[in-house]
Amino acid sequence: MSGTALAAPALAASDDLRRDRSGGVWRRTWFDRIVGWALPLTVLVAVIPILDLAYWICVRALPSFTLATLTTNPSGAGGGLYAPLVGTLEILLLATTTAVAFGLIGGLVTAEYLDEAGAGVVRVTANVMAGIPSIIVGLFGFLAFVLAFGWGASLAAAGVTLGVFMTPYVFRATDLAYASIPPHIREAALGSGARPIQYLLRVATPIALPQVLSGVFLAMAIGVGETAPLYLTTSAAAIPPSGLFVPAGALSLYIWEDFQNPLPGAVHIAFEAAFLLLVIVVGLNVLVRLIGQRARRRLEGLFQ
Amino acid sequence: MSGAAPVPSGPVVAVEKLSVTARGNRKLLDGIDLDFAPRSLTAIVGPSGCGKTTFVRSLNRMTELTPGLRIDGRVLYLGQNIYGRSVNPVVVRRRMGMVFQRPTVFPMSVFENAAFGLRLVRASEDEVDSAVTEALQRAGLWEEVRANLDGPALALSGGQQQRLCIARALAVRPRVLLLDEPTSALDPAATQRVEATLQRLKEEIVLILVTHNVAQAARVSDRIAFLHSGRLVEVGATGEILERPREPLTMQFITGRV
Ligand SMILES: Nc1ncnc2c1ncn2[C@@H]1O[C@H](COP(=O)(O)OP(=O)(O)OP(=O)(O)O)[C@@H](O)[C@H]1O
Ligand SMILES: [Mg+2]
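In this text, all values refer to a predicted model and were calculated from it rather than measured experimentally. (Residues numbered from 1 in each chain as written. Chains lettered and ligands numbered in written order. Predicted model: local features only at pLDDT ≥ 70, side-chain atom pairs only at ≥ 80, totals over all residues. Heavy atoms only, no water.)

(A) Layout of empty space enclosed by the protein. All names here are of chain A. Scanning all chains against the criterion turns up 4 cavities of 30 Å³ or more. Every residue lining the second largest cavity is listed: Thr88, Ile91, Leu92, Leu162, Gly223, Val224, Leu230, Ala250, Leu251 and Ser252. Mapped by element, the contributors of at least two residues to the lining of the second largest cavity are α3 (82–112), α8 (196–224) and α10 (251–260). Ranked by the residues each element gives to the lining of the second largest cavity, the list is headed by α3, at 3 residues. A breakdown of the residues in the lining of the second largest cavity according to their chemical character gives 7 nonpolar, 3 polar and no charged. (1 Å grid on protein atoms, 1.4 Å probe; cavity = no way out; pocket = protein on both sides within 12 Å on 5 of 7 lines; lining within 4 Å. Points joined across faces, edges and corners; volume = space filled by probe spheres on them. Helix = DSSP H or I, 4+ residues; strand = E, 2+ residues; numbered from the N terminus. Nonpolar A, V, L, I, M, F, W, Y, C, P; charged D, E, K, R; others polar.)

(B) Region of interest: the site of ligand 1. All names here are of chain B. Of all residues adjacent to ligand 1, which total 13 residues, the nearest are Ser48, Gly49, Lys52, Thr53 and Thr54. In isolation ligand 1 exposes 640 Å². Once the protein is present, 63% of that is buried. By residue number, the principal contributor to the shell around ligand 1 is helix α1 (residues 52–59), which donates 3 residues. The residue inventory of the shell around ligand 1, partitioned by class, reads 4 nonpolar, 6 polar and 3 charged. (Near = heavy atom within 4 Å. Areas by Shrake-Rupley, 256 points an atom, 1.4 Å probe, with all protein chains shown as cover.)

(C) Representation of the sheet that holds strand β8 (residues 206–210) of chain B within the structure. Residues and elements named next belong to chain B. Spatially, the 6 strands line up as an open sheet ordered β6-β7-β8-β3-β9-β10, and their pairing is mixed. A strand with exactly one partner marks an edge of an open sheet, and here the two such strands are β6 (96–99) and β10 (231–237). The average angle at which neighbouring strand axes cross in this sheet is 20 degrees, direction not considered. Pairing of β6 with strand β7 (residues 176–180), which is carried by 4 bridges, proceeds in the parallel orientation. By the bridge assignment for β7, methionine 96 is matched with valine 176. (Pairing = 2+ DSSP bridges. Axes fitted to C-alpha atoms, helices over the stretch in contact; angles between N-to-C directions.)

(D) Quick peek at the packing of aromatic side chains. What the rule picks out here adds up to 13 aromatic pairs over all chains. Relative to A:Phe271, the ring of A:Phe259 has its centre 6.0 Å away and its plane inclined at 55 degrees; by these criteria the two rings are tilted. Here A:Phe259 is found in helix α10, whereas its partner A:Phe271 is found in helix α11 (residues 266–299), with 12 residues between them in sequence. On the basis of relative accessible area, A:Phe271 is assigned to the buried category, the value being 13%. Each member of the aromatic cluster is reached from another via a ring pair, and the members are A:Phe140, A:Phe145, A:Phe149, A:Trp151 and A:Phe245. If you follow B:Arg168 out to its NZ or CZ, it ends over the ring of B:Phe106, 4.2 Å from the centre. The ring of B:Phe36 has B:Arg223 sitting right over it, with the charged end atom 5.3 Å from the ring centre. (Phe/Tyr/Trp six-rings, centres within 6.5 Å; stacked < 30°, edge-to-face > 60°. Buried < 20%, exposed > 50% of the residue type's maximum accessible area, 1.4 Å probe, protein only. Lys NZ or Arg CZ within 6 Å of the ring centre and 35° of its normal.)

(E) Up close: the pattern of salt bridges. Residues and elements named next belong to chain A. Considering all chains together, one arrives at 19 salt bridges over all chains under this definition. Two residues, arginine 123 and aspartate 175, come together in a salt bridge whose shortest N-O distance is 2.6 Å. Within this pair, whereas arginine 123 is found in helix α4 (residues 116–131), its partner aspartate 175 is found in helix α6 (residues 155–179), the two being separated by 52 residues in sequence. Judged by its relative accessible area of 31%, arginine 123 falls in the partly exposed class. (Salt bridge = Lys/Arg side-chain N within 4 Å of Asp/Glu carboxyl O.)

(F) Summary view of the layout of surface pockets. Residues and elements named next belong to chain A. In this model, the largest pocket occupies a volume close to 530 Å³. In terms of lining residues, the largest pocket is bounded by 21 residues, among which Ala111, Glu112, Leu114, Pro183 and Arg186 are the most central. Where the lining of the largest pocket is concerned, the elements lending two or more residues are α3, α4, α6 and α7 (183–191). Across the lining of the largest pocket, the residue classes break down as 12 nonpolar, 2 polar and 7 charged.

(G) Geometry of the pairing of strand β3 (residues 40–45) of chain B. All names here are of chain B. Burial runs high along β3: 6 of the 6 residues are buried. With burial as the criterion, each face of β3 is covered, one bearing Ser40, Thr42 and Ile44 and the other bearing Leu41, Ala43 and Val45. Inspection of the sheet shows β3 paired to β8 by 5 bridges, in the parallel sense. Bridging across to β8, isoleucine 44 finds its partner in valine 210.

(H) Seen up close, the nonpolar core. Counting 133 residues, the largest nonpolar core has B:Phe55, B:Leu136, B:Ile166 and B:Leu177 as its most contacted members. At 13 residues, the largest contribution of residues to this core is made by α8(A). Apart from the residues lying within four places of it in its own chain, the contact partners of B:Leu177 are B:Gly97, B:Met98, B:Val99, B:Ile166, B:Ala169, B:Leu170, B:Leu201, B:Ile205, B:Val206, B:Leu207 and B:Ile208. Membership of the second largest hydrophobic core comes to 8 residues, among which are B:Val45, B:Val214, B:Ile224 and B:Phe253. (Core = buried A, V, L, I, M, F, W, Y, C linked by side-chain atoms within 4.5 Å. Contact = heavy atoms within 4.5 Å.)

Just geometry here; none of it tells us what the structure is for.
Here you go:
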């Protein structure tokens, strides 16, 4: 066997790919390796505290957690969480209704009807609103609903105040959902003789709805744990609210109050309440994921 | 066939001194006069930016969806000015359907896409069924989708989606179909199927086809209108225009020099 057949023929410098440095240095450098490790690491760093937190809440809440926790009212430093659970859900219902009423209409009008300039003004306003600290929203609710409207510390005041807090989130999701519909879809619908309202209801809304719903559920997940908007607008009532204008307790308020309560056992209630909130928040987030997945399957190919 | 309505004797669409002006007095179209006879396929050709899209969009008042355009002159549909005071643009668009450069199916089933225009006017279920079937047949898509009418339209190929858009426009039985470069996003095989569909349809209704492709115009049209810088330079029978254009500009365009 002759060696010459295997020996690589000498390459001219201009043909030698490995010696051509015009593309810059190409090596797997230590930098590439660090980036390769750093990404999973940062994810881990972000996830570990959350899992740790969830773990400790479960460890401290579950031993004392029974069915009675869900069905009995709080009493002193003991009892269950029936009243704050019902209160939280009712406040959340009222808040979501408020946020959807304003956020949905606002987002729809901004995305579909306002011109560039008008939409810009509304979007900046909404962003500013979203950046207002929740305690200030609470103070606003106190001044407006509790005092000026004369609703007192109540389910209504707390629900509407929390709704104000949640509105920018719903607004942003709605605005984005409708504004990101490809313009050729709108042209095609109107070109088929659809009236603008028919386009909105029959074409745009089925496309935008999943994103809007996701936004609503995310706003609920953010809002349900908020304490500040409720702190000045309702009180930690120990029985479920019997009407709109009586105080309604909430899980987040109970965490706040029971943590400060020196009586033994109170801290347990705080952890049980935290556990319940965690379940609600996780549930809402799972719902968001499911909606997103289903929508992606249905709308695949639309946005290219 | 395109419904029971008798074919009119005069032009179906008559464009008179049509001008479209953008902000800053920029003329996108300048004094276009052009008639469209029943059962014809007119190709609108011209270099990029000459106003082809603007022209077809002004035939069914789609130009109104772009703010800042002023329209002068008249577009007569069976003798009635579509820009007349008491004419609703929605009604005009139902008579003159439009197909765009890229397929624009909606995220619904194949059937519901084809039925879209009929649902807008609350057609009865029986009417919708028969009109959808007929439209899919006329668009040359029926055999391919009949087994899967309830499947998602977005799962169809690009060429099938484009023919579905043609079916959607046909389902309301328009007399005029405006097509703005309907095959420019399709591969040769899909293009060929759409062209076959167009050749069948021109025996029934008025087709106005924008194309940047002279070869396509040669294959499917009876008549070519050549636009340049917003003006109608020349219009005539396809063979005439391709073989003996009167204007030097037309000559330059069809030989690929503009
Ligand atoms: N709303 C508008 N405002 C101002 N100018 C416009 C507007 N719409 C289109 N134009 C301009 O009008 C001219 C004609 O545009 P049009 O889209 O009708 O051309 P076209 O012949 O369809 O081109 P193409 O072959 O590239 O599709 C172009 O120069 C374009 O930039
Ligand atoms: Mg064009």
